[in-house]
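Chain residues, written in single-letter form:
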Amino acid sequence: MFGKNQVVNQEQLFNGSIRIKEIFFSLEGEAFASGEPITFIRFADCNLTCTFCDTDFSTNIRAMSIANILKRVEETRHKDCRLISISGGEPFVQAGLPQLVRKLLADNFEVIIETNGTLWFQEMNDIANHKNLRICCSPKTGKINKSLVKNISHYKYIVKEGETREIDGLPNVSALTGNEILLARPEGSFPVIYVQPMDEQDEEKNKANLAHATKLALKHCYRLSVQIHKIAGVP
């Protein structure tokens, strides 16, 4: 996408279907649960246009009911795998998210939601602290939605050599414009923070970004995320 996707605003009402890019079984490649078999539900659409985003969430989209999504999950997942990742795009753009998460949790799935941190649905307040739900926030702007903050399980920052702040090792350049900006920092007690080297589609730059992320992890006691699905050659 690389910042060229259409910006989509958050839906307010659920119309019975969710716009889905793909549902597939693979390995979790990033942050929490890295290396574990997992079923991905990739939503279409996003409310941001990040210049380094390499995920296609705008083509070959289909509207699916929650029942059909669950059916596809059952057809796709390994029988012993009950871990689900809901990603995008931005999952919180689509109003069907709370209903889908509620159903997955009721069916005893473990759910990870990947979000840029800008949106929230109040309908999720009563399940936000469910033992089988984790929310990974990868901030892309200067602020995190106030209602989301208390429900974040862990943070993931995409880091690039020369574009992090010395004092905390976290990004100081906008993912949207490339201009200098202090991206939103975690609030509250010491959270789990992952630093992940930016994939710039360039071998030398990627090596430098990995070395930089490794240095930051050691210096600030963060956790290193290295997109192992790309190393393993799986989706």
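What you see is a predicted model, and the numbers here were worked out from it, not measured in a lab.

What counts as what
- Residues numbered from 1 in each chain as written.
- Predicted model: local features only at pLDDT ≥ 70, side-chain atom pairs only at ≥ 80, totals over all residues.
- Heavy atoms only, no water.
- Core = buried A, V, L, I, M, F, W, Y, C linked by side-chain atoms within 4.5 Å.
- Buried < 20%, exposed > 50% of the residue type's maximum accessible area, 1.4 Å probe, protein only.
- Helix = DSSP H or I, 4+ residues; strand = E, 2+ residues; numbered from the N terminus.
- Salt bridge = Lys/Arg side-chain N within 4 Å of Asp/Glu carboxyl O.
- Contact = heavy atoms within 4.5 Å.
- 1 Å grid on protein atoms, 1.4 Å probe; cavity = no way out; pocket = protein on both sides within 12 Å on 5 of 7 lines; lining within 4 Å.
- Points joined across faces, edges and corners; volume = space filled by probe spheres on them.
- Nonpolar A, V, L, I, M, F, W, Y, C, P; charged D, E, K, R; others polar.
- Polar contact = N/O pair within 3.5 Å; in protein donor to acceptor, adjacent residues only side chain to side chain.
- Phe/Tyr/Trp six-rings, centres within 6.5 Å; stacked < 30°, edge-to-face > 60°.
- Lys NZ or Arg CZ within 6 Å of the ring centre and 35° of its normal.
- Pairing = 2+ DSSP bridges.
- Axes fitted to C-alpha atoms, helices over the stretch in contact; angles between N-to-C directions.

Novice: Would you explain the nonpolar core in this entry?
Specialist: Ranked by size, the top nonpolar core spans 47 residues in total, and within it Ile-41, Ile-86, Leu-100 and Met-124 carry the most contacts. Here the element with the most residues in this core is helix 2 (residues 97–106); it accounts for five residues. Counting residues in each nonpolar core, the second largest holds nine residues, with Leu-48, Cys-50, Phe-52 and Ala-175 among its members.

Novice: Please clarify how the pattern of salt bridges should be interpreted in this entry.
Specialist: Here the structure, examined in full by the defined rule, presents 19 salt bridges. Across the pair Asp-45 and Arg-19 runs a salt bridge whose closest N-O atoms are separated by 2.7 Å. Separated by 26 residues along the polypeptide, Asp-45 in the loop between strand 2 (37–43) and strand 3 (62–64) and Arg-19 in strand 1 (residues 18–27) bring together distant segments of the chain. Taking relative accessible area as the criterion, Asp-45 reaches 9% and is therefore assigned buried. The closest approach of N and O atoms between Glu-30 and Lys-156, which form a salt bridge, is 2.4 Å.

Novice: Can you walk me through the environment of Val-192 in this structure?
Specialist: Tracing the backbone shows Val-192 in strand 8 (residues 192–197). Spatially, the C-alpha atoms of Val-192 and Phe-32 are 9.4 Å apart, while their sequence positions differ by 160 residues. Not counting chain neighbours up to four residues away, the residues in contact with Val-192 comprise Ser-153, His-154, Tyr-155 and Arg-223.

Novice: What's the story with the layout of surface pockets in this structure? I'm lost.
Specialist: Here the idea is plain: a probe the size of a water molecule rolls over the atoms and shows the empty space left. The space that makes up the largest pocket amounts to roughly 920 Å³. Along the walls of the largest pocket sit 40 residues, with Glu-30, Arg-42, Asp-54, Thr-55 and Gly-88 positioned nearest its centre. Contributing elements (two or more residues each) for the lining of the largest pocket: strand 1, strand 2, strand 4 (83–87), strand 5 (110–115), strand 7 (154–159), strand 8 and helix 5 (228–232). Take the lining of the largest pocket: its biggest share by element is three residues, from strand 1. Per-class residue counts for the lining of the largest pocket are 14 nonpolar, 13 polar and 13 charged.

Novice: Explanation requested: the side chain of Asn-116 in the structure shown.
Specialist: With respect to the helices and strands, Asn-116 occurs in the loop between strand 5 and strand 6 (133–137). Side-chain polar atoms of Asn-116 contact the side chain of Thr-118, separated by 2.6 Å.

Novice: Sorry, what's going on with the packing of aromatic side chains here?
Specialist: Within a pair of aromatic rings, the relevant descriptors are the distance that separates the centres and the angle that separates the planes. Counted under the stated rule, the structure contains four aromatic pairs. Ring geometry for Phe-24 and Phe-40: centres 5.0 Å apart, planes at 15 degrees, overall stacked. Placement of Phe-24 in strand 1 and of Phe-40 in strand 2 is noted, with a sequence separation of 16 residues between them. Classification of Phe-24 as buried rests on a relative accessible area of 12%. Three or more aromatic residues link up through ring pairs in this structure, and these residues are Phe-92, Trp-120 and Phe-121. If you follow Arg-82 out to its NZ or CZ, it ends over the ring of Phe-109, 4.1 Å from the centre.

Novice: Can you help me understand the pairing of strand 1 in this one?
Specialist: On a regular strand, one side chain projects to one face of the sheet and the next to the other, so that they alternate. Across three bridges, the pairing between strand 1 and strand 3 is antiparallel. Across the sheet, the residue bridging to Ile-20 is Arg-62, located in strand 3. Strand direction decides the pairing type here: strand 1 and strand 2, joined by seven bridges, are antiparallel. Its bridge partner being in strand 2, Ile-20 is matched across the sheet by Phe-43.

Novice: Please explain the pairing of strand 5 as it appears in this structure.
Specialist: Counting buried positions along strand 5 yields five of six residues, so the element is predominantly enclosed. By the bridge criterion, four bridges tie strand 4 to strand 5 in an arrangement that is parallel. Across the sheet, Leu-83 pairs through a bridge with Glu-110, a residue of strand 5. In this structure, strand 5 lies alongside strand 6, joined through five bridges in parallel fashion. Its bridge partner being in strand 6, Ile-112 is matched across the sheet by Arg-134.

Novice: Explain the sheet that holds strand 5 here, please?
Specialist: In any sheet, the strands associate via hydrogen bonds between backbone groups, in a parallel or an antiparallel arrangement. As summarised here, the arrangement of the nine strands in space is 3-1-2-4-5-6-7-8-9, forming an open sheet in which the pairing is mixed. Lying at the two open borders of the sheet, with one neighbouring strand each, are strand 3 and strand 9 (223–224). Each of strand 1, strand 2, strand 4, strand 5 and strand 6 is contacted by helix 2, which is oriented at about 175 degrees to strand 4, the strand it contacts most. Here helix 4 (residues 203–220) sits on the sheet and contacts strand 7, strand 8 and strand 9; the angle it forms with strand 8, its principal contact strand, is near 160 degrees.

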